[in-house]
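In case you want the letters, here they are:
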Amino acid sequence: MSKPTSPFTKEQLLPQEEMIEVARKKGKLFIGIPKETSYQEKRVCLTPDAIAALTAHGHRVLIETNAGIGASFTDREYSEAGAEITNDPKKVFGCPIILKVEPPSMEELEHINPQTVLISALQLKTQSKEYFQELAKKRITALGFEFIRDADGAYPAVRALSEIAGTAAVLIASELMSSATQGSGLMMGNISGVPPVEVVIIGAGTVGEFAARSAIGLGANVKVFDNSITKLRCIQTHVGRPLYTSTIQPKNLLKALRRCDVVIGAVRGKNRSPIIVSETMVERMKTGAVVIDVSIDMGGCFETSEVTSHDHPTFEKHGVVHYCVPNIPSRYAKTSSLSISNIFTPYILQIGEEGGIENAVRFDRGLKSGLYFYHGILTSKSIADWFDLSYRDINLLIL
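Think of each chain on its own: its residues are numbered from 1, step by step along the sequence as written. Residues qualify for local features only when their pLDDT is at least 70, as the model is predicted, and side-chain atom pairs are given and counted only at 80 or more; totals for whole chains, interfaces and linings, by contrast, use all residues. Think of the side-chain values as coming from all heavy atoms in the structure, minus any hydrogens and water.

As annotated in an unreviewed UniProt entry, the protein carries the name alanine dehydrogenase and comes from Aquimarina rubra. UniProt positions are given in the numbering used here, feature names are shortened, and annotations may be inferred rather than shown by experiment. Per UniProt, the protein has the following entry under Sequence similarities (unreviewed entry): "Belongs to the AlaDH/PNT family."

Right, here's the structure in full:
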């Protein structure tokens, strides 16, 4: 990929006399929010309340008409919050800063001006080499919000969406078990004299923790499996009560699967989720049991999993109902949008206070970790390794 190796001109790299740095003044940002065009994506990255906070600080926001309609936010709400509304997506993509939930498509990239700042998800597994070549060609500075770290070193966006996915998994399972959906007719509630529903959770990360909280809150009997003793210890502490936990041993897992009514898979891997539950194990589960594969976006941890959509979310295999929708948070678009907006807003205000993205990433290591393109130069080693591209260390580019 032919691209400049430095964001500076030849003249700027020549030795010059030392000058005292003058702090940049607070800048006024001009932000564009296009309507999401990805399949079944209903979320929006800023709520009307967030836009009201931004406009109160003097920033301009241009939003495409009906951009928030999928999350139950109307154009009128955005207009009253101070946003400018347009029905021309090209105008939105012409803004100096673009905010999106999903990464822009190749067609949308054509409308983006050179030297634009793009803040969106990256979703590395769904991208192509041409996508990054186009970013380089337009010298775009791009931030992937799922890579931004907070002061504790955690990923706030990933955690927020994982919390929603974990809670949603239990609610969806409860819905699928009802007689109204031709399910087993079991209720996930602690009814006197009735044995509680058995829920197995594979993976003790954030998704597993919030699934366990929700299931316990509804009165279910929960068992959590993970190969990390530290994660199992943490989930015991965070849930705040004794919990059945076990490492992933085939004998114990099979015993739990044969008795359970719901199993939630939430195991991540480096490049792909490991297959924990084989087809033979699924065959031995109860008829009418429910499988929720939250890790389907990374290939799934059940051998029987196949990607489904929100329109047709389930299929049945060996008498077991499978729910394998990759974008679970989009099912609860308003809650997800509020959560994403809470993460975006402080960072945008910080960028404005620092006088632009340049200063913000210089002084905020967490924000810098989300940067994967800087003025058309790839700065992410993982992307470079995945697509066989050359990259530069961001610390050598930002002076």
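Read across the open sheet, the seven strands follow the order 9-8-7-10-11-13-12; overall the sheet is mixed. Lying at the two open borders of the sheet, with one neighbouring strand each, are strand 9 (244-246) and strand 12 (314-317). The average undirected angle you get between the axes of adjacent strands in this sheet is 20°. Contact between two residues is taken to exist if any of their heavy atoms lie within 4.5 Å; hydrogens are not considered. Only the contacting stretch of a helix is used when fitting its axis, a line to C-alpha atoms as for every element, and angles between N-to-C directions run 0 to 180 degrees. Helix numbers and strand numbers start at the N terminus; a helix is a DSSP run of H or I with at least 4 residues, a strand a run of E with at least 2. Its contacts with the sheet place helix 7 (residues 156-177) against strand 10 (262-265), strand 11 (290-293), strand 12 and strand 13 (320-323), and it is angled at close to 150° to strand 11. Between any two strands, at least two bridges found by DSSP are needed for them to pair.

Turning our eyes to something else, we now look at the packing of helix 7 against helix 8 (residues 206-217). With their axes 7 Å apart at the nearest point, helix 7 and helix 8 run at an angle of 40° to one another. When the axes of helix 7 and helix 8 are compared, the pair comes out oblique. Seen from above, helix 7 lies across helix 8 with right-handed handedness. Only Thr 206, Val 207, Glu 209, Phe 210, Ala 211, Ser 214 and Ala 215 of helix 8 make contact with helix 7, whose side of the interface consists of Arg 159, Ser 162, Glu 163, Ala 165, Gly 166, Thr 167 and Val 170. By the convention adopted, Pro, Cys, Tyr, Trp, Phe, Met, Ile, Leu, Val and Ala count as nonpolar, Lys, Arg, Asp and Glu as charged, and the other residues, Gly among them, as polar. Its residues assigned to classes, the contact of helix 7 with helix 8 shows six nonpolar, five polar and three charged. Between 65 and 115 degrees an angle is taken as roughly perpendicular, under 35 as roughly parallel, over 145 as roughly antiparallel, and anywhere else as oblique. For a crossing to be left-handed, the near helix must be turned anticlockwise from the far one by less than a right angle; the clockwise case is right-handed.

Side-chain atoms within 4.5 Å are what join buried Ala, Val, Leu, Ile, Met, Phe, Trp, Tyr and Cys residues into a set we call a nonpolar core. Whether a residue is buried, partly exposed or exposed follows from its accessible area with a 1.4 Å probe, protein chains only, as a fraction of its type maximum: under 20%, in between, or over 50%, in that order. Among the nonpolar cores identified, the biggest contains 48 residues, and Ile 33, Leu 46, Leu 99 and Phe 344 are the most heavily contacted of them. Looking at which element gives the most residues to this core, the answer is helix 12 (residues 333-353), with eight residues. In this structure, Ile 33 is in contact with Val 44, Cys 45, Leu 46, Ile 51, Val 61, Leu 62, Ile 63, Glu 64, Ala 67, Val 92 and Leu 99, ignoring residues within four places of it in sequence.

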